[in-house]
Amino acid sequence: MSNRRKFIQNSVLGSAGILLSAKVVSASSSDTTIKKPIVVSTWNFGVQANEAAWKVLAEKGHALDAVEAGVRVPEADPKGNSVGYGGLPDREGRVTLDACIMDEKYNCGSVMCIEHIMHPISVARLVMEKTPHIVLSGEGALRFALANGFKKQNLLTPQSEKAWKEWLKTSNYSPSMNIENQSYSKENDPMPGGPDNHDTIGMLALDVNGNLSGACTTSGLAYKIHGRVGDSPIIGAGLYVDPEVGAATATGVGEEVIRIVGAHLIIELMRQGYAPEAACKEATQRIIKRNPEKSKTIQVAFLALDKNGNYGAYALQKGFTFAVKSGTEEKLINAKSIY
Ligand code: GLY
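Remember, it's a predicted structure, so these values are computed and weren't measured experimentally.

**Student:** Sorry if this is basic, but what is going on with the overall build of the chain here?
**Tutor:** Scanning the chain for helices and strands turns up 11 helices and 13 strands. The proportion of buried residues among the 339 residues of the chain is 60%. Within the chain, contacts between residues separated by at least 24 positions form 66% of all contacts whose residues are at least 6 apart in sequence. Surface accessibility of the chain: about 13200 Å² in total, with carbon and sulfur atoms responsible for 51%.

**Student:** Could you clarify how one ought to interpret the sheet that holds strand E11 (residues 311-315) in this entry?
**Tutor:** Overall, antiparallel pairing links the 4 strands, which are arranged E8-E9-E10-E11 in an open sheet. Strands with a single pairing partner mark the edges of an open sheet, and in this sheet they are strand E8 (239-242) and E11. Across this sheet, the average inter-strand angle for adjacent strands is 10°, counted without regard to direction. Pairing analysis gives 4 bridges linking E8 to strand E9 (residues 246-252), with the strands arranged antiparallel. From the neighbouring strand, Asp242 faces E9, where its bridge partner is Gly246.

**Student:** Teacher, can you tell me more about helix H7 (residues 158-168) here?
**Tutor:** Side chains that are three or four residues apart share a direction in an α-helix, a result of its 3.6 residues per turn. Every buried residue of H7 is listed here: Ser160, Ala163, Trp164 and Trp167. End-on, the buried residues of H7 take up no more than an arc of 100°, which puts them together on one face. Of the residues in H7, the exposed ones pointing more than 90 degrees away from the buried face are Pro158 and Lys162.

**Student:** Explain the packing of helix H4 (residues 63-76) against helix H5 (residues 120-130) here, please?
**Tutor:** Geometrically, a packed helix pair is captured by the angle between its two axes and the distance between the axes. At a minimum axis distance of 8 Å, the contact between H4 and H5 shows a crossing angle of 150°. Compared by their axis directions, H4 and H5 come out roughly antiparallel. Note on element contacts: H5 touches H4 through Pro120, Ile121, Ser122, Arg125, Met128 and Glu129, opposite Leu64, Asp65, Glu68, Val71, Arg72 and Glu75.

**Student:** I tried to follow unusual backbone geometry on my own but got confused; where do I start?
**Tutor:** Geometrically, the link from Lys36 to Pro37 is a cis peptide bond, its omega value of 0° lying close to zero. Take Pro37: it is sitting in the loop between strand E1 (23-25) and strand E2 (38-42). A positive phi angle, near 50°, is found at Ser171, a position not held by glycine. Structurally, Ser171 is set in the loop between H7 and strand E6 (201-206).

**Student:** I keep staring at the pairing of E2 and nothing clicks. Help me out?
**Tutor:** Sheet faces and side chains relate simply in a regular strand, where the side chains alternate between the two faces. Counting buried positions along E2 gives 5 out of 5 residues, so the element sits mostly inside the fold. Residues of E2 alternate between two faces, with Ile38, Val40 and Thr42 on one and Val39 and Ser41 on the opposite face, all of them buried. Across 4 bridges, the pairing between E2 and E6 is antiparallel. Bridging across to E6, Val39 finds its partner in Ala205. The sheet contact formed by E2 and strand E12 (residues 321-326) spans 5 bridges and is antiparallel. Among the inter-strand pairings, Thr42 is bridged to a residue of E12, identified as Phe322.

Rules used in this analysis
Residues numbered from 1 in each chain as written. Predicted model: local features only at pLDDT ≥ 70, side-chain atom pairs only at ≥ 80, totals over all residues. Heavy atoms only, no water. Helix = DSSP H or I, 4+ residues; strand = E, 2+ residues; numbered from the N terminus. Buried < 20%, exposed > 50% of the residue type's maximum accessible area, 1.4 Å probe, protein only. Contact = heavy atoms within 4.5 Å. Areas by Shrake-Rupley, 256 points an atom, 1.4 Å probe, with all protein chains shown as cover. Pairing = 2+ DSSP bridges. Axes fitted to C-alpha atoms, helices over the stretch in contact; angles between N-to-C directions. Arc of directions from axis to C-beta. Parallel < 35°, antiparallel > 145°, perpendicular 65-115°, else oblique.

Here it is as structure tokens:
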């Protein structure tokens, strides 16, 4: 059993309040009642992240505060090896993090390839709120964070260092994330521990006042070339929020999401009348259209929330889950998939 899988099980099992009400179901929401507040987020770790976001939403807080608080949970968890502290490093053994955040006024902030900072999402928010810029990267992002009171920390846990040293023995690199179909080859997986040991948290929230916000944060592909940036901190690719329509986020192989500007594509499809799930499905089909063979060997998944609180998701491969929390629902849902 992979460490990530153990973490997920422990998290859910150890969280009785969540387990009692969080059911794994196959479903999507498409009715027309406005449901607010509501928060949705990617993967099993979304259950705990939603819980933190809900504390803000339940107190009539702003969606932006909710998504920041929510994604800070996996960022700080050393047992998760795909986000923040404990994230698997690049091929030089450096943990480099990507994150972005966006609110209902098209305000957005992003950090790319930042090192030594446990909460890149909070740095991204500071970029948004305290600078005239949207993106800071690398050394500049680190200096900005340190100048604003963030602490420099070693994010490479002994477990992730061990995995990296093991990987160095072969240095075999061919990204293949979260795949549970027959194309998946454990032998060729560059992320030791199996197919569920890497991914991004993307979170979307609609607060009681109807404000939408989103956040997305990741350590990116394990053993990437130093300096590689995925979709997660790219506004429009890994995350987009449009108050007239809704919000969308992505997870999986970022290069494929960037090519189709995934999150923005979903927003534009919803603007044309697509329901959230249908828009996410259409985005996955764009990836397939570009490269049908490759699309069978990688995972990409999308999650969307419209301005009325309807949500939906779709993935290339089986195995993508997303968590939902509202006043009436608390669920972990198995998303539909193409393959
Ligand atoms: N979606 C995360 C990444 O590709 O870095």
